[in-house]
Amino acid sequence: MRVYDNLNPMQQEAVFHTEGPVLVLAGAGSGKTRVLTHRAVYLIEEKGVNPWHVMAITFTNKAAGEMRERIDKLVGYGSESVWVSTFHSTCVRILRRYIDRLGYGTNFTIYDADDQKVLMKDICKRLNIDTKVYKEKSFLGVISSAKDELVSPEEFTLRAAGDFAREKQAAVYREYQAELRKNNALDFDDLIVKTVELFQSDAEVLENYQERFRYIMVDEYQDTNTAQFYLIKLLAGKYRNLCVVGDDDQSIYKFRGANIKNILNFEEIYPDARVIKLEQNYRSTGNILSAANLVIANNVGRKAKELWTENEEGEKIDFGQYENGYEEAEHIVGDIQKKVREGRYQYGDCAILYRTNAQSRLFEEKFVVSNIPYRIVGGVNFYARKEIKDLLAYLKTIDNGMDDLAVRRIINVPKRGIGAATLNRVQAYAEEQGLSFYNALRMAEEIPSIGKASIKIRAFVNFIQTMRSKVEFLDVSQLLQEIIEETGYVAELEAEGSDEARARIENIDELISKVVAYEESEETPTLGGFLEEVALVADIDSLQEGSDYVVLMTLHSAKGLEFPNVYLAGMEDGIFPSYMTIISDDPSDIEEERRLCYVGITRAMKDLSITCAKQRMIRGETQYNKVSRFVKEIPRNLLGGMVRQQETRAEAQEPSGQSFRQTASKVKPVFSTRNAYQPKAYKSNSFASSSTDKITLEYTNGDRVRHMKFGEGTVTQIVEGGRDFEVTVDFDRVGTKKMFASFAKLKKV
DNA sequence: GTTAGAAACAATCCT
DNA sequence: TGTTTCTAAC
């Protein structure tokens, strides 16, 4: 029992109590992942449970990957049969096997937010809905919430009777669902909903999985929505060995349908549940933890618990208010630079957290100019970029001919001279004949009044048919290469020659390497398998530990992570808590923001800095914001830095006509970096790349190279340092800069 | 049918 | 400020 000796008594109880329902209320940094992994190990090694019967379910691939790794390390034999997966991947796996019992094809496609929007637009047009009055997005929101709550189109319709607006939504929902079925596609929410439907309608399938998953563990239980709740309830229905781990204080996904009652009422649904609280925090210093406790204490209706730690008090929390967002960013970047220079931290120890993705831009500019390696998590997903979606649409079309959306996306990309008028005729014909869009294309010659366009369509169809016939013989990567060749997609971009086109080509190269990586990681790689993986990756999944770059992300993305040195930026009323929650008439909205703040504070291990700005540009307008109310909930004695004067201070003054640079010096505290803010030279076009390949340089001393931001220049020096190169370049426009090759992405010209 | 430039418009957070 | 949609001219 050696492994378990490192656990504290509460953790041990959670690990050893294997039979029946268990609720583990695990505060931030209290070692819940350790509990989960050790529990899996205990089941297998001490209780003799077949690994095959053990399931651990999470929300992100990253969390699942970490858990898998740790279980593999601890379990001697058979750990690979433990089912460790996310909710969505789990459901996809089940549906790929059995969804034909619900009348879908098992090669269904998964629609992302973009696809949903395109589809919805189409539906609104068809139902004669004025999208100026009723927005597509609001319909999608309504549908998504309905699905989170397991409300079917039929039930929605019943409930809507008598209410004009609701009836309209019901009609849209019905149409939307019918269209998905026609395209043999599922949206994200459907993955869960359809699995629950399957279990409810097919006792044989349910029984099959109940038998398999005799011991179930659920991570981040406070984030589950109603559909996920039923999914778990059904699965655990037979053996009832269900262990859920969560923290009501970290419930921050109400907007996504998370139902906090799932965790708050667990004991009512499972009266025999054992409840275990983990309250010792191993992550943060005393000061940081006190701040977190005092902030969250302002919420009402929580499960009583208070974190404590044996760690030392540590540094005070550094607070600073700055004139504007630029100075805030400058200070933070300067502070990181300083701490790294002093050897206190590496770049990889530092994280900047903010409320909205838009806030990342200012930091990015500073990092680029300062030549500090950084990585932004979130924002536009790699797989949502135009060029990537185009190529994926080709693969999808080859994989599933019923996915009209994919076909429409690429039929005229690259330009084939097939225009809207022609497509409308094809569409009409398809509807008339009850064909899918693609099948209508195949019969182009039959379609009246389509004329010469049918020749162009024929060429496209032939291409797709040829590719389909090759699926069996070619690897996915070969398939992709051939698509790129035959369509001339990259060639067209090369011809264009703009910076943007070059960036796109880089992305396409990265897509190719991702395909190759997929083929290497999988025993039996398939086209469908790749598309599936792509549909389910989140940006956070690609964050790898041990890489030395500063990480920037939203507070939401940061949940579950920890960093030695954390910055909470933009702590202003109106930003955090957000404007939306301040004007909301539901007071619980503010509480959710406060929980988000709690999550943010508890990410920090040793150093925490809180910053805000007096004025800030939001969508071209200057806003003047007060210091966040959450900051005021932290007592002064825990704060260091330039604090005090701010609290009594009234609103910021009128903006003078001066530029930011000039007003800067008078308020700028501590670390005034020498380089004043430089206006950006070009449109920022940096793409954070996740490739980890060992780099080789395509240029040497004296070569001409191009940098995304600095333009062209001449290489004057290359110094090898570890697994990277430090390159010195004399740029035509901005002078000499030193940078790391892996980060600067220099291109030989 | 395609393109570029102008006008309109937008309010977090995400698997 | 940044992105999407509309319009007009090729």
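Heads up: the structure comes first, above all this text.
Remember, predicted model here, so these are calculated numbers, not experimental data.

1. A short note on the protein's contact with DNA strand B
Phase 1: Close to DNA strand B lie 25 residues, the nearest being Phe 59, Arg 355, Asn 357, Lys 415 and Arg 619.
Phase 2: The share of sugar and phosphate among atoms of DNA strand B within 4 Å of the protein is 55%.
Phase 3: Take His 88: an N or O atom from its side chain is 3.0 Å from a base oxygen of DNA strand B.
Phase 4: Residue Asn 357 places a main-chain N or O atom 2.6 Å away from a phosphate oxygen belonging to DNA strand B.
Phase 5: At the level of secondary structure, the elements contributing two or more residues to the surface near DNA strand B comprise α19 (420-433) and α26 (555-558).

2. A closer look at the nonpolar core
Among soluble globular proteins, nonpolar side chains are generally buried collectively.
Phase 1: Counting 50 residues, the largest nonpolar core has Leu 395, Leu 441, Phe 460 and Phe 530 as the members making the most contacts within it.
Phase 2: Apart from residues lying up to four places away in sequence, Leu 395 is in contact with Leu 479, Leu 480, Ile 483, Leu 527, Phe 530 and Leu 531.

3. A short note on the protein's contact with DNA strand C
Phase 1: As a matter of local geometry, DNA strand C sits amid Lys 121, Arg 361, Arg 619 and Gly 620.
Phase 2: Interatomic distance of 3.3 Å between a backbone N/O atom of Gly 620 and a sugar or linking oxygen of DNA strand C.
Phase 3: When grouped by side-chain class, the residues that make up the surface near DNA strand C number no nonpolar, one polar and three charged.

4. Considering the environment of Leu 119
Phase 1: When you line up the elements, Leu 119 lands in helix α5 (residues 113-126).
Phase 2: Exposure remark for Leu 119: the relative accessible area of 2% places this residue in the buried category.
Phase 3: C-alpha of Leu 119 to C-alpha of Leu 405: the two residues are 286 residues apart in sequence and 7.5 Å apart in space.
Phase 4: Apart from the residues within four sequence positions on either side, Leu 119 is in contact with Tyr 111, Tyr 176, Glu 179, Leu 180 and Leu 405.

5. Structural notes on the side chain of Lys 396
Phase 1: Relative to the helices and strands, Lys 396 is located in helix α17 (residues 386-399).
Phase 2: Exposure remark for Lys 396: the relative accessible area of 14% places this residue in the buried category.
Phase 3: Once you skip the residues sitting within four places of it in the chain, Lys 396 turns out to touch Thr 109, Ile 110, Asp 115, Asp 403, Ala 406 and Leu 531.

6. Examining the packing of helix α21 (residues 453-470) against helix α22 (residues 476-487)
Between two packed helices, the angle of one axis relative to the other and the distance separating the axes together describe the packing.
Phase 1: With their axes 11 Å apart at the nearest point, α21 and α22 run at an angle of 160° to one another. If you check the angle between α21 and α22, you find them roughly antiparallel. In this structure, α21 crosses over α22, and the sense of that crossing is right-handed. Note on element contacts: α22 touches α21 through Leu 479, Glu 482, Ile 483, Glu 486 and Thr 487, opposite Phe 463, Met 467 and Lys 470.
Phase 2: Of the residues belonging to the contact of α21 with α22, the class tally is four nonpolar, one polar and three charged.

7. Observations regarding a nonpolar patch on the surface
Phase 1: Residues Tyr 579, Met 580, Ile 582 and Ile 583 make up a contiguous nonpolar surface patch of about 440 Å² in total accessible area.
Phase 2: Residue placement: Ile 583 occurs in helix α27 (residues 579-583).
Phase 3: By relative accessible area, Ile 583 is classed as exposed at 52%.

8. Quick word on the packing of aromatic side chains
The geometry of two aromatic rings is summed up by the distance between their centres and the angle between their planes.
Phase 1: The tally for this structure, following the rule as stated, stands at 20 aromatic pairs.
Phase 2: With centroids separated by 5.8 Å and ring planes inclined at 75°, the aromatic side chains of Tyr 4 and Phe 16 adopt a geometry described as edge-to-face. Highlighted residues: Tyr 4 in the segment before α1 (9-16) and Phe 16 in helix α1, separated in sequence by 12 residues.
Phase 3: Residue Phe 16 is classed as partly exposed on the basis of its relative accessible area, which comes to 28%.
Phase 4: Where Tyr 221 meets Phe 266, the ring centres are 5.9 Å apart and the plane angle is 85°; that geometry is what we call edge-to-face. Residue Tyr 221 is found in the loop between β6 (215-218) and α11 (226-235), and its partner Phe 266 is found in helix α13 (residues 266-269); the two are separated by 45 residues along the sequence.
Phase 5: Using a relative accessible area of 1% as the deciding quantity, one classes Tyr 221 as buried.
Phase 6: Assessed through its relative accessible area of 1%, Phe 266 is described here as buried.
Phase 7: Through successive ring pairs, a cluster of aromatic residues spans Trp 83, Tyr 98, Phe 199, Tyr 209 and Phe 213.
Phase 8: Here Arg 256 stacks its cationic end above the ring of Tyr 253, 3.8 Å away from the centre of that ring.
Phase 9: The ring of Phe 437 has Arg 408 sitting right over it, with the charged end atom 4.6 Å from the ring centre.

9. A word on the sheet that holds strand β1 (residues 22-26)
Whether parallel or antiparallel, the strands of a sheet pair through hydrogen bonds between backbone atoms.
Phase 1: Overall, parallel pairing links the six strands, which are arranged β3-β2-β6-β7-β1-β8 in an open sheet. Edge strands, defined here as strands with exactly one partner in the open sheet, are β3 (83-86) and β8 (274-278). With strand direction ignored, the average angle separating the axes of adjacent strands in the sheet is 15°.
Phase 2: The sheet contact formed by β6 and strand β7 (residues 242-246) spans three bridges and is parallel. What sits directly across from Met 217, in β7, is Cys 243.
Phase 3: Running at roughly 145° to β8, α1 makes contact with β1 and β8 of the sheet.

10. What about α1?
Phase 1: Taken residue by residue, α1 has Gln 11, Ala 14 and Val 15 as its buried positions. When α1 is viewed along its axis, its buried side chains cluster within an angular range of 100° and face the same direction.
Phase 2: Each element contacted by the buried residues of α1 is listed here: β1, α2 (32-45) and β8.
Phase 3: Between the side-chain oxygen at the start of α1 and the backbone nitrogen of Met 10 there is a gap of 3.0 Å, and the oxygen is on Asn 8.

Rules behind the numbers
- Here the residue numbering is sequential within each chain, running from 1 through the sequence in written order.
- Whichever chain is written first is A, and whichever ligand is written first is 1; the rest continue in order.
- Only residues with pLDDT of 70 or above have their local features reported here, since the model is predicted, and side-chain atom pairs are shown and tallied only from 80 upward, although totals for entire chains, interfaces and linings are computed over all residues.
- Side-chain numbers here rest on the full set of heavy atoms in the structure, without hydrogens or water.
- Put simply, a residue is near a molecule or strand once any heavy atom of it comes within 4 Å of that molecule or strand.
- Polar contacts, as used here, are pairs of N or O atoms within 3.5 Å; protein pairs need one atom able to donate a hydrogen and one able to accept it. Residues neighboring in sequence count only if both atoms are side-chain atoms.
- In this description a helix means any DSSP run of H or I spanning at least four residues, a strand means any run of E spanning at least two, and both kinds are numbered starting from the N terminus.
- Within this scheme, the nonpolar core is defined by two criteria: the residues are buried Ala, Val, Leu, Ile, Met, Phe, Trp, Tyr or Cys, and they are joined through side-chain atoms within 4.5 Å.
- A 1.4 Å probe rolled over the protein chains alone gives each residue an accessible area, and that area as a share of the maximum for its type sets the label: buried under 20%, exposed over 50%, partly exposed in between.
- Whether two residues are in contact is decided by their heavy atoms: any pair within 4.5 Å suffices.
- Gly falls in the polar group here, along with every residue not listed as nonpolar (Ala, Val, Leu, Ile, Met, Phe, Trp, Tyr, Cys, Pro) or charged (Asp, Glu, Lys, Arg).
- Comment: axis = line fitted to C-alpha atoms, over the contacting stretch for helices; angle = value between 0 and 180 degrees taken between N-to-C directions.
- Angles below 35 degrees are treated as roughly parallel, those above 145 as roughly antiparallel, those between 65 and 115 as roughly perpendicular, and all remaining angles as oblique.
- We call a crossing left-handed when the near helix sits turned anticlockwise from the far one by less than a right angle, and right-handed when that turn is clockwise.
- What makes a patch is a set of residues exposed beyond 30% relative accessible area and free of salt bridges, joined within 9 Å when like-charged and within 5 Å when nonpolar (Val, Leu, Ile, Met, Phe, Trp, Tyr).
- Note that accessible areas follow from Shrake-Rupley with a 1.4 Å probe, and for residues the cover is restricted to the protein chains shown.
- Here a salt bridge means any side-chain nitrogen of Lys or Arg lying within 4 Å of a carboxyl oxygen belonging to Asp or Glu.
- Between rings of Phe, Tyr and Trp, where Trp is taken as its six-membered ring, a pair exists when centres lie within 6.5 Å; planes separated by under 30 degrees are stacked, by over 60 edge-to-face, and by other angles tilted.
- As a reminder, the over-ring test applies to NZ of lysine and CZ of arginine, requiring each to be within 6 Å of the ring centre and within 35 degrees of the ring normal.
- A strand pair is defined by DSSP finding two or more bridges across the two strands.
- Directions are taken from the helix axis to each C-beta atom, and the arc is the one they span.

Purely geometric numbers; function is a separate question.
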